[in-house]
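Now for the letters of each chain:
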Amino acid sequence: MALVLLSGPVHAQSIDAGADLAGSLQAVCDTYVTNPATSAGLSLAVQRAGEPPVLLQCGLADIASGRAIEAGTVFHLASLTKQFVALEALILRDRGVLDLDAPVDVYTGPIARTDVPTIRQMLHHMSGFYEHWAQSRLVDVPTETLAEVTALITAQDSSNFEPGSNFAYTNANYVLLTDVLQRIDGRSLPQMLGEDVFAPLGMTGAGFPVADPDGFHSRAIGYSGPADAPEAVDYVFSDILGDGGLYASAPELLLWLAELRDQSLGQFTAERTESGHLPNGADTHYGLGLHVSPVDGDVLVHHGGGNRGASSWIGYLPGGDVSIVVLANSDSLNAEQIGFDILAAVTAQQVNFASLPAPSPPLADVAGLYAGAFNGDAILLQVIADADRLLIGVPGGEPRQYLPVESGAHYRSDLPDLEVRVGLSGDLNFFYLGRPFEQLYRIEPRAGAVEGFTGRWRSPSLPGRDWLIEPAEDGLQLSGGAAAPVRLEPVVPGVWLDRASSTYLWLDADARLVLTRSGIRAITLMRAGD
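Predicted model only: the values in this text are computed from it and were never measured.

### Thoughts on helix α2 (residues 21–32)
Phase 1: Between its first and last C-alpha, α2 extends 17 Å over 12 residues, near the 16 Å set by a 1.5 Å rise per residue.
Phase 2: For α2, the complete set of buried residues consists of Leu21, Ser24, Leu25, Val28, Cys29 and Tyr32. Down the axis of α2, the buried side of the element spans an arc of 140°, and every buried residue falls inside it.
Phase 3: Where α2 is buried, its residues touch β1 (42–47), β2 (54–58) and α12 (335–347).

Right, dumping it as structure tokens:
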């Protein structure tokens, strides 16, 4: 979606709010799954206060065999897994074996960072850890198992920000949390959730296929790519869990959402839905594995998940006691978009995330460079403060104009429905149709000539893996790490780019070399010998 947004508007589908609930869900299927007899599809579930659930399925769980999606079909939930990990952390806290306010190295042993985050900061995505998958593209280390990935995370010797000072949704937090929970409890995550959560709630089909390869033959196979030529994909046998990996059916997720109301597993809802707060008082609108978003006098508790071949979303409105589940076995279907369409049809309520309260820094403080990723492709944007407006664009290109909205907490472009907000700690957050789709981080590269970059570089936490930068015609050549040599060209003073691999390079204020790929700051290097 994001790449389309840079070139033209995309309009959400409209579902008739006047239709009955079953009719509204059928309209969703008719709108989004146009060939249910031959394509991947959806499993939908909605339950309103005092009413039985309404379930609807359309499309195929397995295109090759023609097996249809049924109410009990389990889907890959991807990031919906995080809220289950968060609840397990609270359960273990109440059993006296986990301190949420303890530094994570109390449980993992020494880590390379000196600014060690707490368990609670990791739950709230306020740790400052880099994404492990972005790091793995730059360093030649194995990342096939949970132990290998946690070793890479704990070897990070710098951070995106000081713990607690900012918010950045980062899968590495919940992968490392899973390692902590398994260390202190002695059971695997599948065992913990199976015994402490799924069995008590009656979620008998939920679980992790990696722990029971023979028990998930009826799962929905995932499909990636366009609907007319999908590629079958499967993630069932990875033991890298916590940020994803869980499978469940739509009716089972209604039971899970009812736990927010009934609290049959313990009095955890208030803590699970309490947003994190930054030192400046800004609300992150993220609890423990759950987004918490104000909507028309109520609060929408929700989360989405996505991966190749999977898209999922669940939402709960406590005031109206309405639960919504959307599961898709194709990444061409946007479960969150569909969920918000159902929410609007069922309750006539809509969420505009761009209108949520945010700090309003002076425009002069916003100007500068921001690195990020649009739809997985690295990008560097330049922000220019011009009178009361922002001009945002690729350095050297034609910028887009953004005018202030209301208090100046966010700005609207001349492209309909595209807005930007200067975020919690000066980050740049883009919104489309009121929904967030990209977050860019401010960078302050140190100016310097080519000679300031050339030489041999290494990470203190990854001994024996050096990077070499040499002068090249009209630029630099970078070799080493996990990638083949690449040619870098200057894009703005102090910043170099290899367009083919989406790799940016710059020197930070401490003269350390920052390498970033797919817009995520992945590794910081120092000169060999320093």
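### Focus on the side chain of serine 311
Phase 1: Note that serine 311 resides in strand β11 (residues 310–317).
Phase 2: By relative accessible area, serine 311 is classed as buried at 9%.
Phase 3: A distance of 2.9 Å separates a polar atom in the side chain of serine 311 from the backbone nitrogen of alanine 335.
Phase 4: Other than its neighbours up to four places away in sequence, serine 311 contacts Gly305, Gly306, Val326, Leu327, Ala328, Ser330, Leu333, Asn334 and Ala335.

### A short note on helix α10 (residues 250–262)
Phase 1: If you check α10, its first and last C-alpha atoms are 19 Å apart, about what 13 residues at 1.5 Å a residue would give, namely 18 Å.
Phase 2: Within the sequence span of α10, burial applies to Ala250, Glu252, Leu253, Leu254, Trp256, Leu257, Ala258, Glu259 and Leu260.
Phase 3: A positive phi of about 50° marks glutamine 263, the residue just after α10.

### What about the packing of helix α7 (residues 146–154) against helix α8 (residues 171–185)?
Phase 1: Contact geometry of α7 with α8 gives a least axis separation of 10 Å together with a crossing angle of 115°. For the pair α7 and α8, the sense of crossing is left-handed. Here α7 contributes Leu146, Val149, Thr150, Ile153 and Thr154 to the contact with α8, which in turn contributes Ala172, Val175, Leu176, Thr178, Asp179 and Gln182.
Phase 2: A class-by-class count of the residues in the contact of α7 with α8 yields 6 nonpolar, 4 polar and 1 charged.

### Thoughts on the nonpolar core
Phase 1: Formed by 63 residues in total, the largest nonpolar core has its most connected members in Phe84, Leu98, Ile119, Val197, Leu253, Trp256 and Val325.
Phase 2: Contributions of two or more residues to this core are made by α3 (81–94), α5 (119–123), α7, α8, α9 (189–201), α10, β11 and β12 (322–328).
Phase 3: In terms of residue count, the dominant contributor to this core is α3 (8 residues).
Phase 4: One finds Leu44, Cys58, Val295 and Val322 within the second-largest nonpolar core, a separate group that totals 25 residues.

### Focus on the state of the cysteines
Note on terminology: disulfide describes a covalent bond linking the sulfur atoms of two cysteines.
Phase 1: Considering all chains together, one arrives at 1 disulfide under this definition.
Phase 2: Covalent S-S linkage joins cysteine 29 and cysteine 58, the inter-sulfur distance amounting to 2.2 Å. Negative torsions about the S-S bond denote left-handed disulfides, and the value of about -85° found for cysteine 29 with cysteine 58 makes this one left-handed. Placement of cysteine 29 in helix α2 and of cysteine 58 in strand β2 is noted, with a sequence separation of 29 residues between them.

So, how was this worked out
Residues numbered from 1 in each chain as written. Predicted model: local features only at pLDDT ≥ 70, side-chain atom pairs only at ≥ 80, totals over all residues. Heavy atoms only, no water. Helix = DSSP H or I, 4+ residues; strand = E, 2+ residues; numbered from the N terminus. Expected span 1.5 Å × (residues − 1). Buried < 20%, exposed > 50% of the residue type's maximum accessible area, 1.4 Å probe, protein only. Arc of directions from axis to C-beta. Contact = heavy atoms within 4.5 Å. Polar contact = N/O pair within 3.5 Å; in protein donor to acceptor, adjacent residues only side chain to side chain. Axes fitted to C-alpha atoms, helices over the stretch in contact; angles between N-to-C directions. Left-handed = near helix turned anticlockwise from the far one by under 90°. Nonpolar A, V, L, I, M, F, W, Y, C, P; charged D, E, K, R; others polar. Core = buried A, V, L, I, M, F, W, Y, C linked by side-chain atoms within 4.5 Å. Disulfide = S-S within 2.5 Å.

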